[in-house]
Amino acid sequence: MFAVIVVILIIWAVMWAFYKFMYPRPPKSMMPQKGDVVTPRTCDFCGNSLAEYRGVLETKPASVTTNTAQPSSGSMETAGSMETDSNVLFFCNYEHQADYHAGKVYDPNA
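Keep in mind that what you see is a predicted model, and the values were worked out from it rather than measured.

Draft legend 1. The overall build of the protein, seen in detail. Check the secondary structure of the protein and you find four helices and four strands. Element order for the protein, N to C, with α for helix and β for strand: α-β-β-β-α-α-β-α. For the protein, the residues scored as buried account for 14% of the 110 residues in total. Once local pairs closer than 6 in sequence are excluded, the contacts in the protein between residues at least 24 apart make up 66%.

Draft legend 2. Main features of the pattern of salt bridges. Throughout the structure, instances matching the rule amount to two salt bridges. When the shortest N-O distance is used, the salt bridge between Glu52 and Arg41 registers 3.3 Å. Within this pair, whereas Glu52 is found in the loop between strand 2 (49-51) and strand 3 (56-59), its partner Arg41 is found in strand 1 (residues 40-42), the two being separated by eleven residues in sequence. Here the two residues Glu52 and Arg41 agree in accessibility, since each one is buried. For Asp99, the salt bridge is made with Lys104, and the minimal N-O distance between the two is 3.5 Å. Its relative accessible area of 21% is what places Asp99 among the partly exposed residues. Residue Lys104 is classed as exposed on the basis of its relative accessible area, which comes to 51%.

Draft legend 3. Spotlight on the packing of aromatic side chains. Counted under the stated rule, the structure contains four aromatic pairs. Taking the centre distance of 5.6 Å and the plane angle of 70° together, the rings of Phe18 and Tyr19 count as edge-to-face. Taking relative accessible area as the criterion, Phe18 reaches 42% and is therefore assigned partly exposed. With centroids separated by 5.7 Å and ring planes inclined at 75°, the aromatic side chains of Phe45 and Tyr106 adopt a geometry described as edge-to-face. With Phe45 in the loop between strand 1 and strand 2 and Tyr106 in the segment after helix 4 (94-101), the pair connects residues that are 61 residues apart, well separated along the chain. Owing to a relative accessible area of 12%, Phe45 belongs among the buried residues under this scheme. Feature note: the residues Phe18, Tyr19 and Tyr23 constitute an aromatic cluster, connected by ring pairs.

Draft legend 4. Looking closely at the side chain of His96. Inspection of the secondary structure assignment puts His96 in helix 4. Residues within four places of His96 in sequence aside, it is in contact with Cys43, Phe45, Cys46 and Phe91.

Draft legend 5. View of helix 4. For helix 4, the capping residue at the N-terminal end is Asn93, with a side-chain oxygen 3.2 Å from the backbone nitrogen of Glu95. Residue Gly103 follows helix 4 closely and has a positive phi angle near 85°.

Criteria and cut-off values
- Residues numbered from 1 in each chain as written.
- Predicted model: local features only at pLDDT ≥ 70, side-chain atom pairs only at ≥ 80, totals over all residues.
- Heavy atoms only, no water.
- Helix = DSSP H or I, 4+ residues; strand = E, 2+ residues; numbered from the N terminus.
- Buried < 20%, exposed > 50% of the residue type's maximum accessible area, 1.4 Å probe, protein only.
- Contact = heavy atoms within 4.5 Å.
- Salt bridge = Lys/Arg side-chain N within 4 Å of Asp/Glu carboxyl O.
- Phe/Tyr/Trp six-rings, centres within 6.5 Å; stacked < 30°, edge-to-face > 60°.
- Polar contact = N/O pair within 3.5 Å; in protein donor to acceptor, adjacent residues only side chain to side chain.

What follows is the structure in structure tokens.
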């Protein structure tokens, strides 16, 4: 009986060491910091969901998002005080951002 318990403990120790080696903790720089937004966002290029702090946010230029006509004071106040989702593009990484602006179409099988 003692041999069985010793073998189980040895196997447990070896497996613990194996998993510690194979699956180490990620570095602290990859974990969310204080003030990071952790809500999931959808990539505008591939459609995958990712936490906002892990991706790339891009605000559209003012010339693209507004008309050339002078906005009224009410719309100017809301546009200045809060960004809407229509004015912000979100990408998983810089490659998706570059491909989006190059006009490429995402192919999940590539």
